[in-house]
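For reference, the chains in residue letters:
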Amino acid sequence: MSVIIFTELDNGAIKKSSLEAVFYGAELAKLQGTTATVLAIGESSEAELAKAGNFGATKVLHANDARLAVSNIQAYASVLTEAVNADGADTVILAKSSLGDAVAARVAAKLKASIVSNVTALPNLSNGFVVTRSIYTGKAFASVLMKSDKKIIAIKKNAVSPVETDALAKVEVFSPALSDADFGVKLVATHKASSTISLPEADLVVSAGRGLKGPENWGIVEDLANALGAATACSKPVSDLDWRPHHEHVGQTGIKVSPNLYIAAGISGAIQHLAGVNSSKVIVVINKDPEAPFFKAADYGIVGDVFDILPRLTKAVLAAK
Amino acid sequence: MKILVCVTSVPDTTAKISFTDGDTKFNKAGVTYITGPYDDYALSRAVELKEQHGGTVTVLNVGEADAEPVIRKCLAIGADDAIRVNCEATDSYFVATQIANIAAQEKYDLILMGRESIDFNSGVVHGLVAELLGIPSLSPVMKLDIEGSTAKITREIEGGKENLEASLPLVLGCQEPIAEWKIPNMRGIMTARTKPLKVIEPVGEGLTSTDKYELPAPKGACKMILAENAEELITLLKTEAKVL
Ligand SMILES: Cc1cc2nc3c(=O)[nH]c(=O)nc-3n(C[C@H](O)[C@H](O)[C@H](O)COP(=O)(O)OP(=O)(O)OC[C@H]3O[C@@H](n4cnc5c(N)ncnc54)[C@H](O)[C@@H]3O)c2cc1C
């Protein structure tokens, strides 16, 4: 009854959000007196994958068929299902993401597993298997009893704070049978911003709203983000107006983020915006209107003009380096 | 083309969330219900596709009787008929089973829904339905065109988007800007009253149960920094908040 963790690779390395899932899975395995196995799909090296051991995994199953190099929801779901069966796993852990959700959903249907998403902490096993999940886009939490033998848990960022060790995991090649039927969707083209930091993964986010007045002013936002090593984000009207690409739009109808630091510049703090950012650890608000609702949700606030404050913050960050 | 659009009836995005009965039930008092915003995008695109290619749009809601105003609004926007599976929708697997059951009999070319509901935000029902039916699913879909039996799709990915092609039938989780939200007109509202709304009972049972709800701890006071001392923020983030 092992725990399997579905991980995602980025240039051969296990993504940070997936390493959090590995740690979560390993902690759960400890509670259940079993071991944690990682599934990694795609190109990587043994040395790289063995690092999953730092986060508590004992074994890594590496599926590296050439047909799996490009992420494919159906094929990945078949591989994960085979891995669950081969390892005799009862529980699948993954980090919430658009690929992870899609793969996990299909595996849940294949295994008739209960599936709970946006889980924010380790389960309570004292009375059944109970997880806490975030609902209403972060406005509340629910305790959910998972009743089936097979269980799938998609965790939210910061569900656990990983503690790393020097332990290495044993890496095994995993060669599941692939079916042509899983390759029906044809990828025609990918358009991806080259060097930017991934927004859902980012620990630091600098976000800006309509207060920036136009796309030509985004330089001051990017400068602060670059100085901090932060990802950039924006409010919905900003992406609706095409000032910024849609994948930067955060909020109830956009990306949900939970970074350690969320800096909001020239954003009023409408309830739909807050819904996507309210699980950030620390929120900083910069707005010229002292009555802006965002201040009520903030940890630190500056009443001031973004065109004055942002460049000064960038200088202060660079000076402190 | 035969299109099924699955919609949720959810608290308005500005609704105050609270619970009753010892935090075991959502407090519906004073809450306005709306069509899930993502589902609304799916429905709007379905109506546009019907206008282009002909066919029918059926709306499906897995939910209780109080969802009917939302279902009627979907009919007013342009769906032809509706089905409601009479139950509380709290478990993803259970909801997906109801949808797949109906879809297995009706053979839709397209099953559209929002990328996620805004009450439980799981974003897994489209994947579950697709696997139960043995067909592909994609989400979040930002653009959808149909040419013959092929769907041309733009999907958002982390930091960008990708273009995909797949044969129908398909299950898609939708988001903006796949279509503009549609507002029902007077004629739509009048005809919606007489369009068929079939109520059926659910099959099977859920694999999870929700026992208790909780609100997040209230946020402490916001520490204000004078604009002339803005640089102090960076020091506080390092030494006090310890996030830099
Ligand atoms: C169903 C629905 C879903 C929605 N989903 C989302 C969502 O997911 N995400 C989202 O963001 N919104 C969402 N919205 C929209 C939301 O209600 C707000 O309209 C939006 O968040 C406002 O964006 P904003 O704060 O950038 O702009 P505004 O509300 O126009 O605020 C601009 C702010 O900038 C300040 N400002 C102006 N100039 C300066 C300056 N020079 N220096 C400092 N401050 C300045 C102003 O005081 C003001 O507070 C949704 C709305 C609906 C109805």
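Bear in mind that the values here come from a model prediction, so they are computed numbers and not experimental data.

Definitions and cut-offs
- Residues numbered from 1 in each chain as written.
- Chains lettered and ligands numbered in written order.
- Predicted model: local features only at pLDDT ≥ 70, side-chain atom pairs only at ≥ 80, totals over all residues.
- Heavy atoms only, no water.
- UniProt positions renumbered as here; feature names shortened; annotations may be inferred.
- Helix = DSSP H or I, 4+ residues; strand = E, 2+ residues; numbered from the N terminus.
- Contact = heavy atoms within 4.5 Å.
- Buried area = accessible area lost by both parts, 1.4 Å probe.
- Salt bridge = Lys/Arg side-chain N within 4 Å of Asp/Glu carboxyl O.
- Polar contact = N/O pair within 3.5 Å; in protein donor to acceptor, adjacent residues only side chain to side chain.
- Nonpolar A, V, L, I, M, F, W, Y, C, P; charged D, E, K, R; others polar.
- Pairing = 2+ DSSP bridges.
- Axes fitted to C-alpha atoms, helices over the stretch in contact; angles between N-to-C directions.
- Parallel < 35°, antiparallel > 145°, perpendicular 65-115°, else oblique.
- Left-handed = near helix turned anticlockwise from the far one by under 90°.

Student: Could you clarify how one ought to interpret the UniProt feature "domain: Electron transfer flavoprotein alpha/beta-subunit N-terminal" (unreviewed entry) in chain A in this entry?
Tutor: As annotated in UniProt, the feature "domain: Electron transfer flavoprotein alpha/beta-subunit N-terminal" (unreviewed entry) corresponds to residues 3–187 of chain A in the numbering used here. When the span residues 3–187 of chain A is considered, its composition is 28% helix and 31% strand, and the gap between its end C-alpha atoms is 32 Å.

Student: What's the story with the interface of chain B and chain A in this structure? I'm lost.
Tutor: One frequently used descriptor of interface size is the decrease in accessible area upon assembly of the parts. Listed as interface residues are 79 residues of chain B and, on the opposing side, 84 residues of chain A. Counting each side, the surface lost to burial between chain B and chain A is near 6,800 Å², with a carbon and sulfur contribution of 57%. Across the pair R312 of chain A and E231 of chain B runs a salt bridge whose closest N-O atoms are separated by 2.8 Å. Scanning the region where chain B abuts chain A turns up 44 residue pairs in polar contact (both at pLDDT 80 or more). Split by residue class, the side of chain B that touches chain A holds 40 nonpolar, 20 polar and 19 charged. In the sheet, strand β17 (residues 300–303) of chain A pairs with strand β15 (residues 223–225) of chain B via three bridges, with the strands oriented parallel. Counted as the bridge partner of G301 of chain A is M224 of chain B from β15 of chain B.

Student: Quick question: what am I supposed to make of the packing of helix α3 (residues 73–87) of chain A against helix α4 (residues 98–111) of chain A here?
Tutor: Axes are the key here: two packed helices are described by the angle between their axes and the distance separating the axes. All names here are of chain A. Where α3 contacts α4, the two axes come as close as 9 Å, and the packing angle between them is 55°. By the angle between their directions, the pair α3 and α4 is classed as oblique. In this structure, α3 crosses over α4, and the sense of that crossing is right-handed. In this structure, α3 uses I73, Q74, Y76, A77, S78, L80, T81, V84 and N85 to contact α4, whose residues at the interface are L99, A102, V103, R106, V107, K110 and L111. Here the contact of α3 with α4 is built from residues that sort into ten nonpolar, four polar and two charged.

Student: Which parts of the structure should I look at to understand the sheet that holds β17 of chain A?
Tutor: Strand pairing in a sheet takes place through backbone hydrogen bonds and is either antiparallel or parallel in direction. In space, the six strands of this open sheet follow the order β14(A)-β13(A)-β15(A)-β16(A)-β17(A)-β15(B), with parallel pairing throughout. Edge strands, defined here as strands with exactly one partner in the open sheet, are β14 (231–234) of chain A together with β15 of chain B. With direction set aside, neighbouring strand axes in the sheet form an average angle of 20°. Bridge count between strand β13 (residues 204–208) of chain A and β14 of chain A: four bridges; the pairing is parallel.

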